[in-house]
Amino acid sequence: MATTFTESKEALMGRAKDQLAANVDEPDWTTRQKLALTCRALFDRGHDSGLAGQITARAEEPGTYYTQRLGLGFDEITEDNLLVVDEDLNVLEGDGMANPANRFHSWIYRARPDVNCIVHTHPFHVAALSMLETPLVVSQMDTTPLYDDCAFLKDWPGVPVGNEEGDIIAAALGDKRAILLAHHGQIVVGASVEEACTLGVLIERAAQLQLAAMAAGPIAPLPEKLAREAHDWTSTPQRSRANFAYYARRALARHPDAITA
């Protein structure tokens, strides 16, 4: 006998959140492994642009973080070839050098103690949208985690290897979880690697949808109250873990060398 058909939407959503928290398994991956899997997952979704872009996560010591070695593509990253660098990009663990553009990551980590992972990439549709100097428009349910959560930097500050660019980008990001950089690409940040990976997948999807919709006609906005409800509903740590577990399984099936332990 059904017992939930008279319950409110609020009650049903609360029950679903509780069930999700109890039923999503979290594989025992290290931060290194999660970062390597994120690189592979985003590579498979068109985020590679030669050697451009960086994916980082805070390391164990304060003021340090994991990043890729300059010269390796996202499809070549393993848990073993990641570097650990300090805020000045000095290599503390690993061989090689970090991308000098990692400097703005240091600025974001300093400004946002809530952020533990940063994904900066130049995927095709995000890059194309950035050329139009227009903000990201979220008008479809799947991409509502980015609703009112994506900043926009219209004035391109140039190659982001200086402290000036780090200051500009960190300030423009503010307290949001994403930013579209005109004439450049995108940045998403997360409290976890799982969250940042999920948002990285979504922002390219949102840009692709926006470009397709703009070609067909004006984009109709979402109702604000419902959009905010959807944003909050899809932005929980449990959902990020569930999404990441799926992306990681797909990545491991295609790239079993990403995890070496």
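All residue numbers refer to position in the chain's written sequence, counted from 1. Only residues with pLDDT of at least 70 are given local features in this predicted model, and only at 80 or more are side-chain atom pairs given and counted; all residues enter the totals for whole chains, interfaces and linings. Calculation of side-chain values draws on the structure's entire complement of heavy atoms; hydrogens and water are dropped beforehand.

Engineer: Outline the packing of aromatic side chains, listing residues and values.
Structural biologist: Geometry of aromatic contacts follows a simple scheme: Phe, Tyr and Trp rings, the Trp one being its six-membered ring, pair when their centres are within 6.5 Å, and the pair is stacked under 30 degrees between planes, edge-to-face over 60, tilted otherwise. Within the structure shown, the criterion is met by three aromatic pairs. On the basis of an interplanar angle of 45° and a centroid distance of 5.2 Å, the ring pair of Tyr-65 and Tyr-109 is categorised as tilted. On the criterion of sequence distance, the pair formed by Tyr-65 in strand S2 (residues 64-67) and Tyr-109 in helix H3 (residues 103-111) is long-range, its members being 44 residues apart. For the residue pair Tyr-65 and Tyr-109, the accessibility class agrees, reading buried in each case. Pairing Tyr-246 with Tyr-247 gives two aromatic rings, centres 5.8 Å apart and planes at 50°, and the pair type is tilted. Overall, the relative accessible area of 36% leaves Tyr-246 in the partly exposed class. Under the DSSP-based scheme used, a helix requires at least four consecutive residues in state H or I and a strand at least two consecutive residues in state E, with every element numbered from the N terminus. Partly exposed describes any residue whose relative accessible area lies between the buried limit of under 20% and the exposed limit of over 50%, with all areas from a 1.4 Å probe on protein chains only and scaled to the type maximum.

Engineer: Tell me what's going on with the pattern of salt bridges, and back it up with residues and numbers.
Structural biologist: A pairing counts as a salt bridge when a side-chain nitrogen of Lys or Arg comes within 4 Å of a carboxyl oxygen of Asp or Glu. With the rule as written, the count across this model stands at 11 salt bridges. When the shortest N-O distance is used, the salt bridge between Asp-149 and Arg-177 registers 2.8 Å. One end of the pair, Asp-149, is in the loop between helix H4 (124-130) and strand S6 (150-153); the other, Arg-177, is in the loop between helix H5 (163-173) and strand S7 (178-181), and 28 residues separate them in sequence. Here the two residues Asp-149 and Arg-177 agree in accessibility, since each one is buried. Each of Asp-148, Lys-176, Glu-224 and Arg-228 takes part in a single network of salt bridges with overlapping partners.

Engineer: Any details on the environment of Ile-187? Residues and values, ideally.
Structural biologist: Along the chain, the position of Ile-187 falls in strand S8 (residues 185-190). For Ile-187, a relative accessible area of 0% gives the class buried. Separated by 54 residues in the primary sequence, Ile-187 and Arg-241 have C-alpha atoms spaced 20 Å apart. Sequence-distant contacts of Ile-187, that is, excluding residues within four places in its chain, are made with Phe-104, Ile-108, Ile-118, Val-119, His-120, Ile-169, Arg-177, Ala-178, Ile-179 and Leu-181. Working rule for contacts: check all heavy atoms of both residues, and any pair within 4.5 Å makes them a contact.

Engineer: Let's hear about the state of the cysteines: which residues, and what values?
Structural biologist: A covalent bond bridging the sulfur atoms of two cysteines is what the word disulfide describes. Disulfide: a pair of cysteine sulfur atoms within 2.5 Å of each other. Scanning the model with the defined rule gives zero disulfides in all. Here Cys-117 stays unpaired: no disulfide links it, and the sulfur of Cys-197, its closest cysteine neighbor, is 8.2 Å away. Here Cys-117 falls in the buried class, since its relative accessible area comes to 0%. Residue Cys-150 stays outside any disulfide, its sulfur separated by 16 Å from that of Cys-117, the closest cysteine.

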